[in-house]
Amino acid sequence: MKLGFVGADHEVTGSCHYLEAWGKHILIGMEQGKDVYVNQDIPVPENQIDFVLLTHAHIDHSGKLPLLYKNGFQGEIISTFSTNDLCNIMLRDSAHIQEFEAEWRNRKAKRSGAEEYVPLYTMDDALGAIGLFHPCGYEQKIELCPGIQVRFRDVGHLLGSASIEIWIQEGEVHKKIVFSGDVGNPNRPLIKDPKYTDTADYVVMESTYGDRDHVEVWSYTAELAKVIDQTLGRGGNVVIPAFAVGRTQELLYYIREMKGQRLVRSCPDFPVYVDSPLALEATEIYSGDLRGYADEETLLVLRKGFQPIRFPNLHLCRTSDESRMLNMDKEPKVIISSSGMCEAGRIRHHLKHNLWRPECTILFVGYQANGTLGRLLVDGIDTVKLFGEKISVRAQVVNFRGMSGHADKAGLEKWINAFAPEKPRKVFVVHGEEEAALTFAETIRLQGYEPLVPDFRAVYDLASDQLVEAGVPAASLHVKAAVRHKASPAYIRLQQMGQRILEVIRHNEGGTNKDLSRFADQLQSLV
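All of these numbers come straight from a predicted model, not from anything done at the bench. (Residues numbered from 1 in each chain as written. Predicted model: local features only at pLDDT ≥ 70, side-chain atom pairs only at ≥ 80, totals over all residues. Heavy atoms only, no water.)

**Student:** Before we go on, may I ask you to explain helix 13 (residues 434–445) in this structure?
**Tutor:** With 12 residues, helix 13 should reach 16 Å at 1.5 Å per residue; the first-to-last C-alpha distance of 16 Å fits that figure. Contact partners of the buried residues in helix 13: strand 11 (202–206), helix 12 (409–416), strand 20 (426–430) and strand 21 (451–452). (Helix = DSSP H or I, 4+ residues; strand = E, 2+ residues; numbered from the N terminus. Expected span 1.5 Å × (residues − 1). Contact = heavy atoms within 4.5 Å.)

**Student:** Where do I start with helix 3 (residues 81–112) in this structure?
**Tutor:** Counting along an α-helix, one turn takes 3.6 residues, and residues three or four places apart therefore face a common direction. Relative to the 46 Å expected for 32 residues at 1.5 Å per residue, helix 3 spans 47 Å between its end C-alpha atoms, a close match to the ideal helical length. The largest bend in helix 3 comes to about 30°, at C87. Count one or two residues on from helix 3 and you reach G113, which has phi positive near 80°. (Bend = angle between axes of the 7 residues up to and from the residue.)

**Student:** I keep staring at the pattern of salt bridges and nothing clicks. Help me out?
**Tutor:** Side chains carrying opposite charge are able to pair once their charged atoms draw close together. Throughout the structure, instances matching the rule amount to 23 salt bridges. Between E139 and R153 there is a salt bridge; the shortest N-O distance is 2.9 Å. Of this pair, E139 sits in the loop between strand 6 (133–136) and strand 7 (142–145) while R153 is found in strand 8 (residues 148–154), placing the two residues 14 residues apart along the sequence. Given the relative accessible area of 32%, E139 is considered partly exposed. Here R346 makes a salt bridge to D275, at a shortest N to O gap of 2.6 Å. Residue R346 is located in the loop between strand 15 (334–337) and helix 10 (347–354), and its partner D275 is located in strand 13 (residues 272–275); the two are separated by 71 residues in the primary sequence. (Salt bridge = Lys/Arg side-chain N within 4 Å of Asp/Glu carboxyl O. Buried < 20%, exposed > 50% of the residue type's maximum accessible area, 1.4 Å probe, protein only.)

**Student:** Any chance you could explain the packing of aromatic side chains here in plain terms?
**Tutor:** The description of an aromatic ring pair rests on the distance of the ring centres and on the angle between the ring planes. One pass over the full model with this rule turns up eight aromatic pairs. Ring geometry for Y202 versus Y460: centroids 5.9 Å apart, planes at 65°, classification edge-to-face. One end of the pair, Y202, is in strand 11; the other, Y460, is in strand 22 (residues 459–461), and 258 residues separate them in sequence. Taking relative accessible area as the criterion, Y460 reaches 0% and is therefore assigned buried. Taking 5.6 Å as the distance between ring centres and 50° as the angle between the ring planes, the aromatic pair formed by Y220 and Y254 counts as tilted. Linking Y220 in helix 5 (residues 220–233) with Y254 in helix 6 (residues 247–260), this pair joins segments that are 34 residues apart in sequence. The pair formed by Y220 and Y254 is uniform in burial state, with each residue classed as buried. (Phe/Tyr/Trp six-rings, centres within 6.5 Å; stacked < 30°, edge-to-face > 60°.)

**Student:** What is the right way to look at the environment of R346 in this model?
**Tutor:** A residue is classified by how much of its surface remains accessible, and R346, at 17% relative accessible area, is buried. Taking the C-alpha atoms as reference points, R346 and R324, 22 residues apart in sequence, are found 9.1 Å from one another. Other than its neighbours up to four places away in sequence, R346 contacts D275, S276, P277, C317, R318, T319, S320, S323, S337 and S338. Within the structure, the side chain of R346 is placed 2.6 Å from the side chain of D275, a separation counted as a polar contact. (Polar contact = N/O pair within 3.5 Å; in protein donor to acceptor, adjacent residues only side chain to side chain.)

**Student:** In this structure, what is going on with the sheet that holds strand 2 (residues 16–21)? I would like to understand it.
**Tutor:** Strand pairs in the sheet, formed through backbone hydrogen bonds, run parallel or antiparallel to each other. Strand order in this open sheet of eight strands is 6-5-4-3-2-1-22-23, and the pairing throughout is mixed. At either end of the open sheet lies a strand with only one pairing partner, and these are strand 6 and strand 23 (466–469). Between one strand and the next, the sheet's axes are offset by a mean angle of 25°, whatever the strand orientation. Note that strand 22 and strand 23 share three bridges and pair antiparallel. Paired with V459 across the two strands is E469, which belongs to strand 23. Strand contacts of helix 3: strand 5 (76–80) and strand 6, with the helix running at about 115° to strand 5, the strand carrying the most contacts. (Pairing = 2+ DSSP bridges. Axes fitted to C-alpha atoms, helices over the stretch in contact; angles between N-to-C directions.)

**Student:** What am I meant to see in the pairing of strand 7 here?
**Tutor:** Side-chain direction in a regular strand flips from residue to residue, so the side chains alternate between the two faces of the sheet. As judged from the three bridges shared by strand 7 and strand 8, these two strands associate in the antiparallel manner. Residue pairing across strands places C145 opposite I148, the latter belonging to strand 8. The antiparallel pairing of strand 7 with strand 8 creates a hairpin that spans two residues between the two strands, and G147 there sits at a positive phi of about 100°.

**Student:** Which parts of the structure should I look at to understand the sheet that holds strand 16 (residues 361–364)?
**Tutor:** Sheet architecture is open: six strands sit in the order 14-13-15-12-16-19, paired in parallel fashion. Only two strands of the sheet have a single neighbouring strand rather than two, namely strand 14 (314–316) and strand 19 (396–399). Strand-to-strand, the axes of this sheet are offset by a mean angle of 20°, without reference to chain direction. Alignment of strand 12 (residues 238–241) against strand 16, held across two bridges, turns out to be parallel. Bridging from a neighbouring strand, V239 pairs with I362 of strand 16.

Structure representation (structure tokens):
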């Protein structure tokens, strides 16, 4: 009964964890993303994986499912119904991007004589992975095999998102482990607030905003309207890099409200363009049957016969020609385009045409990971390079952090404190940048929890309640862009022993002064 850490350890993207019990090999998430550190290969061959449990559809949790299939995976992918629907479009979109990039690179390779570029996976791989989904409803207890049961609970991060409860019984040993998934930010449109879980032996939880709280916003609609009003009033465009799934639909909800209340006085019927093929497909899903997933306010709008994310002067750009025309049209407008961190997609073209214009606003409404173009812009960079051209950043850059889909530090504390009256034996803090994860771990330690921020390759034995492999500390792993060297086996072993010693020290908290002093003297003799 072992838990392994394969991705999103001491970083945000690349979420993947490995669970072994009853001879079954289970993955929670299948990472894809711009990870800071080098994520590890899964511990067993792909054809030995029996189940993948998916907390939600975002690509940094689901994006390598087609690669898993390509390499031999034939097990079951368990998710909620809405996650299944969203992955159906997102994985196909990701495969299309992989193939398009390979075609583009290979055209250049032919001219330069370089080697052929092979895409990470193809559309056939994506369709193969989609065929392995077995969706279920919230609160439905499922038996994966004798001795292992799971249940998905709404965690309020994205349509269909869930925390996952897993019950394991091996002989006389009974354990329950809960994976938080991405905990949602409450009081957001369309979807429900997070539901809480009150019992667990072990918890694996995210810490994206583990070191800070969101800026309190009394009304998202009014604050967004203010930015739009000011920008359109001076003749500029509002360009919003937004994740195609989730954030785009929330923005449309807020814009429908502000148009209904006529909050944008400079241009009450301002045009809004959604420029992302994936966002268009996702919007169709968000416009479908949301019973069991949507919040009461959204259901009330639907019962009155209105579409919560449709309004006059909304334009959906399907073709690349339609996208290009936006930057030739001089009318002030709102452009919502992906990707949310500006790493790819049509948003980069819109940035090229609007960043240098002081009358425009670039409005960020989601988390910007380290190393991304979005993060550079939020941090105040003066010049960026897009499509080989240097672009001055003269537009107003606004970071609307309060609209995040992730719970802030207070929200994460509320989620973990729902485990009562008995606290979990251990809380594994993952899916957060180094400072955020360590800060949150210390915060809950002071509240009586026993946290651990696991390193890459770390393995924890749930039956015996001990760390059996310490893994490789993040500090010893170089950023991908840097030149790396392989640490010697002896050095890695030394690091692992250091982690084991720290674990022993933590277990001795509360011991007698005499025993602790003797232990300290023994350690002192080594140094």
